[in-house]
Amino acid sequence: MTKMKCPNCGKRAFDITCLPKDRVSIELKCPHCKKVVSVPCTKESTMKSA
């Protein structure tokens, strides 16, 4: 599982099983900051592992 971060607050927005090869962007309401955000499914939008 890959954790995707919210571009607004930087917290975990959702999980994805694998990053797609095509350009995909997910629009959702962040469970933390409650704003509607668009998260591109790219390596740059993943959360860094500790």
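Above this text is the structure in question.
Here goes a summary of the coordinates provided.

Cut-offs and rules
- Note that residues are indexed from 1 along each chain, following the sequence as it is written.
- It should be noted that, the model being predicted, local features are given only for residues of pLDDT at least 70 and side-chain atom pairs only at 80 or more, the latter also being counted only at that level, while totals for whole chains, interfaces and linings use all residues.
- With hydrogens and water excluded, all non-hydrogen atoms of the structure serve as input to the side-chain values.
- Per-residue accessibility, obtained with a 1.4 Å probe over protein chains only, is compared with the maximum for each type, and a residue is labelled buried under 20%, exposed over 50%, and partly exposed between these values.
- Helical segments are the DSSP runs of H or I of at least four residues, strand segments are the runs of E of at least two, and each set is numbered from the N terminus.
- Contact definition: two residues touch when any of their heavy atoms are within 4.5 Å.
- What counts as a salt bridge is simple: a side-chain nitrogen of Lys or Arg found within 4 Å of a carboxyl oxygen of Asp or Glu.

1. Some details on unusual backbone geometry
Backbone phi values are negative for most residues with the exception of glycine, while trans is the configuration of most peptide bonds. Despite not being glycine, Lys-34 has its phi angle at roughly 65°, a positive value. Residue classification places Lys-34 among the exposed residues on the basis of a relative accessible area of 53%.

2. Some words on the side chain of Thr-46
Summarising the element assignment, Thr-46 is placed in the segment after β4 (36–40). If near-sequence neighbours (up to four positions away) are discounted, Thr-46 is found in contact with Thr-2, Lys-3, Met-4, Lys-5 and Leu-19.

3. Quick notes on the pattern of salt bridges
Under the definition given, this model contains one salt bridge. Here Asp-15 and Arg-12 are joined by a salt bridge, their closest N and O atoms 2.6 Å apart. For Asp-15, a relative accessible area of 32% puts it in the partly exposed group. You can call Arg-12 partly exposed: its relative accessible area is 37%.

Everything listed is a geometric property; what it means functionally is a separate question.
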